[in-house]
Amino acid sequence: MTQATINLALQGGGAHGAFTWGALDALLEDGRIGFDGLSGTSAGAMNAVVMAAGWLQDGRDGARQALADFWQGIASKGVFWNSRSDSNSGLFDWPGRDLFTGAGNQWLEAWSSFVSPYQFNPFNINPLRDLLTRQVDFQALSQPHCLKLYICATNVRSGKIRIFDNAEISLDTLLASACLPQLFRAVEIDGEAYWDGGYMGNPALYPLYYNTPTRDIVVVHVNPIRREEVPRNPAAIATRVNEISFNSSLMREMRAIEFAARMVEEGWLKDEYRSRLRHVLIHSIRDDVAMAALDGGGKLAPDLKLLHRLRDLGRDAALAWLAAHRGDIGKRSSVDLRAEFL
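Residues numbered from 1 in each chain as written. Predicted model: local features only at pLDDT ≥ 70, side-chain atom pairs only at ≥ 80, totals over all residues. Heavy atoms only, no water.

1. A look at the overall build of the protein chain
In terms of regular secondary structure, the protein chain is built from twelve helices and eight strands. The buried share of the protein chain, reckoned over its 342 residues, is 55%. In the protein chain, of all internal contacts separated by at least 6 residues, the share reaching a separation of at least 24 is 76%. When the accessible surface of the protein chain is split by element, carbon and sulfur atoms take 50% of a total near 15000 Å². (Helix = DSSP H or I, 4+ residues; strand = E, 2+ residues; numbered from the N terminus. Buried < 20%, exposed > 50% of the residue type's maximum accessible area, 1.4 Å probe, protein only. Contact = heavy atoms within 4.5 Å. Areas by Shrake-Rupley, 256 points an atom, 1.4 Å probe, with all protein chains shown as cover.)

Have a look at this one:
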């Protein structure tokens, strides 16, 4: 069976990353798609690393099972960010626990105006630590035959993006990529402090076209790019501000890619310079309507029903993309970058 090889760029978005689980499950199930590099941020970084670790164990089937096990582990704790890592049922007993339900983003912003994680989470408990430790052999990720990984975090002091590759990825780098500063202390790595990668790259695309020979990048979107209604209540406004903020870096990269493609396609460059510019092909798996309809608080306090719904939405979106655009791989972008991002 002829394979078309793609790179994957996986957005973060808390528990809404279960949408990406479904999309990856459909892509892995389709034996016609091969994979080169995976760039991910926050929940997207976890999906990328778990997929790569599962692939090392048993190829496509191993990757699908690893993703299912990871998200089942998330569901078994009842909440994404604030359950005890050593408990199957009880919530982490701290004063702010009840803020992370319902309109989670709104309450999170209000809460973090008064206290910081250095105060309300003095032991820096992260419920994802034990789950990731059990599931991922981080040393194995540096093997030559592992899928190429590029995990994004934000340097707190410099404000610059930091990309960790296979040889650098550890439990701490993965937690750094998902370190929301309202909930967790900055993650220290080699003397530098890091926060969630979504502030500077959600996800970062440039590692894929600089470091892999594959031209096609499939972006799996979690945060809606477009909403038809203007938000009017505090929770809806906070949600939309968050979406715009965490899409901004991706939109800038998309505009740069469109500009580079236009220079190649319209002959702006001298022949001796054309080969120096990568003509990247962009594809998107997304469902803005469905994702926009979700409560933003679900990113922080999901239940099993929500995670399965998101998985199914992601599968449906990926299957629809495959049916419509698999033939575009290697030939053309299936996204109108000018219409979508300029």
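2. Focus: the pairing of strand 7 (residues 216-220)
Of all the five residues making up strand 7, five are buried; the element is thus mostly covered by neighbouring parts of the structure. Residues D216, V218 and V220 of strand 7 are buried on one face, and the alternating residues I217 and V219, pointing to the opposite face, are buried as well. Inspection of the sheet shows strand 1 (residues 4-10) paired to strand 7 by four bridges, in the parallel sense. Paired with L10 across the two strands is V220, which belongs to strand 7. Bridge count for strand 7 against strand 8 (residues 281-285) is five bridges, and the pairing is parallel. Residue pairing across strands places I217 opposite I282, the latter belonging to strand 8. (Pairing = 2+ DSSP bridges.)

3. Regarding the packing of aromatic side chains
For any pair of aromatic rings, geometry is given as the distance between the ring centres together with the angle between the planes. Per the counting criterion, the structure on display carries eight aromatic pairs. Here F70 and W71 contribute two aromatic rings whose centre-to-centre distance is 5.3 Å and whose plane-to-plane angle is 85°, an arrangement assigned as edge-to-face. Residue F70 is classed as buried on the basis of its relative accessible area of 1%. The exposure class of W71 is buried, given its relative accessible area of 1%. Here a set of aromatic residues connected by ring pairs shows up, and it is made of W21, F70 and W71. (Phe/Tyr/Trp six-rings, centres within 6.5 Å; stacked < 30°, edge-to-face > 60°.)

4. Focus: helix 1 (residues 18-29)
Taking 1.5 Å per residue, twelve residues should reach 16 Å; helix 1 reaches 16 Å between its end C-alpha atoms and fits that length. Counting buried positions along helix 1 yields eleven of twelve residues, so the element is predominantly enclosed. Restricting attention to buried positions, one finds in helix 1 the residues A18, F19, T20, W21, G22, A23, L24, D25, A26, L27 and L28. (Expected span 1.5 Å × (residues − 1).)

5. Observations regarding the pattern of salt bridges
Close approach of charged atoms allows side chains of opposite charge to pair. For the structure on display, the rule yields 18 salt bridges. Here E29 makes a salt bridge to R64, at a shortest N to O gap of 3.5 Å. You can see E29 sitting in helix 1 and its partner R64 sitting in helix 2 (residues 43-76), a full 35 residues away along the chain. Judged by relative accessible area, which is 41%, E29 ranks as partly exposed. Among the residues examined, R64 registers a relative accessible area of 24% and is labelled partly exposed. With a closest N to O distance of 2.5 Å, D36 and K148 form a salt bridge. Within this pair, whereas D36 is found in strand 2 (residues 33-41), its partner K148 is found in strand 3 (residues 148-155), the two being separated by 112 residues in sequence. (Salt bridge = Lys/Arg side-chain N within 4 Å of Asp/Glu carboxyl O.)

6. Quick look at the nonpolar core
Core analysis: the biggest nonpolar cluster contains 72 residues, and L8, F35, V49, M51, L141 and I285 have the highest contact counts within it. Core analysis: the second largest hydrophobic core is formed by 19 residues, Y150, C152, L205 and L250 among them. (Core = buried A, V, L, I, M, F, W, Y, C linked by side-chain atoms within 4.5 Å.)

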